[in-house]
Amino acid sequence: MPAFLRLLAIMALVLPVLAAAGAAAQDEAADEVVATVNGTPIRYSDIAFADEEMSAALARLEPNVRFQYLLGLLIDRRIVALAAQEKNLADDPAVKRRQEYFNEKALRDFYWVQLMQDRISDETVRAWYDKNIAEAPPEREANAQHILVDTEAQATAIAAEIAAGKSFEDAANEHSRDGSGEDGGDLGWFSKGDMVEAFGNAVFSMEPGDISAPVQSQFGWHLIQVIAFREMPKPTFEEAEEEIFRQLAREEGQKLIESLREAAKIEIIGVGEAAPSGGRPQIVPQQ
């Protein structure tokens, strides 16, 4: 994987970066000036940093619209910042405290990228692909139809109707409370993991043409008929490379932060039970 793509793959786990601007930011020679405000430059790298802040809000914008929006944002920000400098606000304690906060964040983000690059080599990514994709049995997909009812007794009675000659499709259309009943219970193609465990286990233990005994899930009772199976095509290394790197970076990042926490002296002051995890970020409860 080219170095700048590896960097972007890591950065996507920390902060989403606009690809073109992020790549340019890695090469000082390519970090061109895109605008000036009162003689001060705004560069491609500034666009990348702005995108880190705004990526979630701007995710649906086309790249050129997104770029123009960010550039306008930076121009307005620079105008106000220069005016603040003229008022000598750069020495205000509140400004300095905010600078300290973002300086620490910048150090963390930059160093984290280096740590991940050191831990995950091209050979590591290739080895993971070979073991888990290239040499692994191909994943199968099933094409099946089902009938969903409320009770086992209902499912058993419908199975008897089908055994007596009623088509599965007609039974699904008549009895199933699932929306697929209108289509004869057709579920299309799916992998085992796409379905709840009980349903997936039943389907992938059957043969084409089989009709299951009643199967219970959290949705009710199912009768299932398997139509066919097929093997899913495997992605090439080039297609899978970036996602493998992201997965390995997540795994290595979790192990690294655990080891760093063990080596650090952490003391929560005046919080009591508000931080039961020893300071780890928690999911904020929904109100």
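Residues numbered from 1 in each chain as written. Predicted model: local features only at pLDDT ≥ 70, side-chain atom pairs only at ≥ 80, totals over all residues. Heavy atoms only, no water.

**Focus on unusual backbone geometry**
No. 1: Here the phi dihedral of N38 falls at roughly 50°; this positive angle occurs in a residue that is not glycine.
No. 2: Note that N38 resides in the loop between β1 (33-37) and β2 (40-43). (Helix = DSSP H or I, 4+ residues; strand = E, 2+ residues; numbered from the N terminus.)

**Examining helix α6 (residues 122-134)**
No. 1: Residues of α6 that are buried include every one of V125, Y129 and I133, and no others. The arc that holds the buried residues of α6, viewed along the axis, is 40°, so those residues lie on one side. Away from the buried face of α6 by more than 90 degrees, exposed residues E123 and K131 are located.
No. 2: The secondary structure elements touched by the buried residues of α6 are α10 (237-263). (Buried < 20%, exposed > 50% of the residue type's maximum accessible area, 1.4 Å probe, protein only. Arc of directions from axis to C-beta. Contact = heavy atoms within 4.5 Å.)

**Section: the pairing of strand β3 (residues 140-149)**
No. 1: Along β3, nine of the 10 residues are buried, which leaves the element largely enclosed by surrounding structure.
No. 2: Pairing geometry for β3 and strand β6 (residues 220-231), over 10 bridges, is antiparallel. Bridging across to β6, E141 finds its partner in R230.
No. 3: Judged from the four bridges that link them, β3 and strand β4 (residues 186-191) form a sheet pairing that is antiparallel. Its bridge partner being in β4, A142 is matched across the sheet by F190. (Pairing = 2+ DSSP bridges.)

**Observations concerning helix α8 (residues 168-175)**
No. 1: Where α8 is concerned, the buried positions are F168, A171 and A172. Buried residues in α8, looked at end-on, bunch into an arc of 100°, giving them a common side. Among the exposed residues of α8, those pointing more than 90 degrees away from its buried face are N173 and E174.
No. 2: Packed against the buried residues of α8 are β3, α7 (152-163) and β6.

**Quick look at the nonpolar core**
No. 1: Among the nonpolar cores identified, the biggest contains 14 residues, and M116, I120, V125, Y129 and I244 are the most heavily contacted of them.
No. 2: For this core, the secondary structure elements donating two or more residues are α5 (93-119), α6 and α10.
No. 3: It is α10 that provides the largest number of residues to this core, a total of seven residues.
No. 4: Membership of the second largest hydrophobic core comes to 12 residues, among which are F190, V203, F204 and F229. (Core = buried A, V, L, I, M, F, W, Y, C linked by side-chain atoms within 4.5 Å.)

**Quick word on the packing of aromatic side chains**
No. 1: Inspection of the entire model under this criterion finds six aromatic pairs.
No. 2: When the ring of Y101 is compared with that of F102, the centres are 5.1 Å apart and the planes differ by 85°; the resulting orientation is edge-to-face.
No. 3: Pairing Y129 with F237 gives two aromatic rings, centres 5.4 Å apart and planes at 80°, and the pair type is edge-to-face. Linking Y129 in helix α6 with F237 in helix α10, this pair joins segments that are 108 residues apart in sequence.
No. 4: Here Y129 falls in the buried class, since its relative accessible area comes to 9%. (Phe/Tyr/Trp six-rings, centres within 6.5 Å; stacked < 30°, edge-to-face > 60°.)

**Brief notes about the packing of α6 against α10**
No. 1: In the contact formed by α6 and α10, the axes pass within 9 Å of each other and the chain directions differ by 105°. If you check the angle between α6 and α10, you find them roughly perpendicular. For the pair α6 and α10, contact is made by T124, V125, R126, W128, Y129 and I133 and by F237, A240, E241, I244, F245, Q247 and L248, respectively.
No. 2: Residues belonging to the contact of α6 with α10 are distributed by class as follows: nine nonpolar, two polar and two charged. (Axes fitted to C-alpha atoms, helices over the stretch in contact; angles between N-to-C directions. Parallel < 35°, antiparallel > 145°, perpendicular 65-115°, else oblique. Nonpolar A, V, L, I, M, F, W, Y, C, P; charged D, E, K, R; others polar.)

**Observations regarding the packing of helix α3 (residues 44-58) against helix α4 (residues 63-86)**
No. 1: One way to put it is that α3 packs onto α4 with a least axis distance of 9 Å and a crossing angle of 110°. For the element pair α3 / α4, the angle class is roughly perpendicular. Considering how the two elements wind past one another, α3 and α4 form a crossing that is right-handed. Of α4, the residues touching α3 (which contributes Y44, D46, I47, A50, D51, E53, M54, S55 and L58) are R66, F67, Y69, L70, L71, L73, L74, R77 and R78.
No. 2: Residue composition of the contact of α3 with α4, by class: 11 nonpolar, one polar and six charged. (Left-handed = near helix turned anticlockwise from the far one by under 90°.)

**A short note on the pattern of salt bridges**
No. 1: For the structure shown, the criterion picks out 13 salt bridges.
No. 2: For E141, the salt bridge is made with R230, and the minimal N-O distance between the two is 2.8 Å. Pair noted here: E141 is in strand β3 and R230 is in strand β6, with a separation of 89 residues, a long-range link.
No. 3: Since its relative accessible area comes to 14%, E141 is described here as buried.
No. 4: Residue R230 is classed as partly exposed on the basis of its relative accessible area of 38%.
No. 5: In this structure, E243 engages R250 in a salt bridge whose closest nitrogen and oxygen atoms are separated by 3.3 Å.
No. 6: Under the relative-accessibility criterion, E243 is labelled partly exposed at 43%.
No. 7: You can call R250 partly exposed: its relative accessible area is 43%. (Salt bridge = Lys/Arg side-chain N within 4 Å of Asp/Glu carboxyl O.)

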